[in-house]
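The primary structure of each chain is shown beneath.
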Amino acid sequence: SVIIAVALWMYVGETWNPDDSATFRGLTVEPVGEELLESRGLIIVGDIQQTVTLKVAGPRRNISRLSSSQISLSVDVSGVQQPGEYTLAYRENFDMPAGFGASSLTVTERFPDNVTFTVARSKSRSVPVRGFITGSVAEGYQVGEFVFSPAAVSITGEESLVDQIDYARVALDQQDMAESFLGELPISLVTYSGEILDLSTTDIQCDATLVQTKLPITQLKEVKLSVNLIPGGGISSEDFDKYVECKITPESIIVSGEEDVLEPLQEISLADIDLAKILGSNTMTFPIPLDAELTNVSGISEATVRITVKGLTTATLEVDNIEFVNRPAGYRTEKVTTSRQIQIRGTEEAVASVTPSQIRIVADLENVVTATGTQTVPVKVYLGSRSDVGVVGEYNIVVSISRE
């Protein structure tokens with residue numbers, strides 16, 4: 001009896017299928033033909049906000065299987081030629097699987113009969129990407145400049161809205177940053193009035209929602225400036241502190257760079273200074289050299305060095321012991337300058353013990369211009385191997401050159 005009852009029920013269900021109806025609310029309407037609209041420089045402002053209610057009738061079996069997700073509504077906007085507000089009819093489509101009788105379904109009631117939407121002029125333009133740190137940088141570190149890829153993004157939307165956009169904003173929110181950042185970050189749009197617009201809440205479309213962002217973070221370090229003093233003029237390296245005052249202004253600068261570059265850097269040497277050429281006090285200016293991997297954060301490009309020699313005695317001796325070396329072949333050389341006053345410096349006792357005969361003036365003629373006549377050539381002055389007294393200053397003599 002049970003089997004017979006089931007068979008009868010299945011038979012009735014297949015042969016007797018009365019009509020039924022169902023109401024579907026909150027259905028949305030999608031535009032079609034927007035490509036043609038956009039080709040005319042037009043755009044639908046926002047979404048088509050109205051929702052539609054449909055009453056659908058058909059065989060009970062088909063109605064029972066129909067859901068809102070299987071009903072699609074569309075409005076053809078391809079015929080719109082100008083900006084303005086439009087009210088057009090929409091059409092329905094039932095996305096039922098084959099064999100489920102979509103053709104047997106009929107819309108008996110609809111509300112509203114038409115949908116209204118607004119069309120405006122569209123515009124596209126490029127705006128720059130700008131970065132902002134909303135977090136913080138660790139103490140002793142410095143932030144560099146943002147680098148973006150792409151450096152600008154293209155925005156499209158209603159002309160009046162697009163014209164309000166100033167730039168695309170990238171915000172990096174990290175605390176106590178001590179190393180460079182590299183990664184993708186989302187963008188938002190900023191108007192000329194400073195309002196920040198989230199892309200998900202605005203009608204403006206952007207060709208990129210994420211941009212590759214690089215932010216260099218470099219370490220800061222105070223580095224001392226120095227000079228390399230070369231012993232001479234009666235001053236040995238052991239006597240620097242006793243006889244030489246060296247003041248550098250500024251004494252140090254702040255530089256930034258990667259940690260592995262900064263770590264070994266203890267001082268920056270400005271120049272070599274030969275003490276044999278320093279008479280009394282000398283003030284010199286030197287550029288501050290820096291490796292390409294480092295940045296001079298202080299911004300000071302030159303340093304002033306004042307060298308003062310103190311506590312030593314000077315004396316001037318008339319010296320006529322002049323020698324030539326490396327005479328040019330085929331030429332005769334004669335001394336026009338037969339003696340020079342040479343200044344020496346050292347302790348009072350050491351200076352008093354020096355005689356002119358102990359001093360040699362040597363002119364190296366290897367690189368002189370081999371032209372006849374007189375020339376001024378530089379010379380070197382030697383005073384044995386003593387370290388407690390030495391020659392100071394730079395000297396030259398006049399030489400006559402003629403062919404043999």
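Refer to the structure printed above.
Residues numbered from 1 in each chain as written. Predicted model: local features only at pLDDT ≥ 70, side-chain atom pairs only at ≥ 80, totals over all residues. Heavy atoms only, no water.

**Student:** Describe unusual backbone geometry, listing the residues and the values that go with them.
**Tutor:** Look at the link from Phe111 to Pro112: it is a cis peptide, with omega at -5°. Relative to the helices and strands, Pro112 is located in the loop between strand 7 (106-111) and strand 8 (114-133). A cis geometry characterises the amide bond from Thr249 onward to Pro250, with omega recorded as 0°. With respect to the helices, strands and loops of the structure, Pro250 is situated in the loop between strand 18 (244-249) and strand 19 (252-257). Its identity is not glycine, yet Asn326 carries a phi of approximately 60°, on the positive side. Summarising the element assignment, Asn326 is placed in the loop between strand 25 (322-325) and strand 26 (331-335). Among the residues examined, Asn326 registers a relative accessible area of 44% and is labelled partly exposed. (Helix = DSSP H or I, 4+ residues; strand = E, 2+ residues; numbered from the N terminus. Buried < 20%, exposed > 50% of the residue type's maximum accessible area, 1.4 Å probe, protein only.)

**Student:** Describe the sheet that holds strand 3 (residues 51-59), listing the residues and the values that go with them.
**Tutor:** Ordered by their spatial adjacency, five strands build an open sheet running 6-4-1-3-7, and the pairing between neighbours is mixed. Strands with a single pairing partner mark the edges of an open sheet, and in this sheet they are strand 6 (91-94) and strand 7. Recorded for the sheet is a direction-independent mean angle of 35° between the axes of neighbouring strands. Note: strand 3 against strand 7, five bridges, orientation antiparallel. Counted as the bridge partner of Ala57 is Thr106 from strand 7. (Pairing = 2+ DSSP bridges. Axes fitted to C-alpha atoms, helices over the stretch in contact; angles between N-to-C directions.)

**Student:** Just give me the short version of the environment of Gln375, but keep the residues and values in it.
**Tutor:** By the secondary structure assignment, Gln375 is in strand 29 (residues 373-382). Relative accessible area serves as the criterion here: at 17%, Gln375 is assigned to the buried category. C-alpha of Gln375 to C-alpha of Val398: the two residues are 23 residues apart in sequence and 5.5 Å apart in space.

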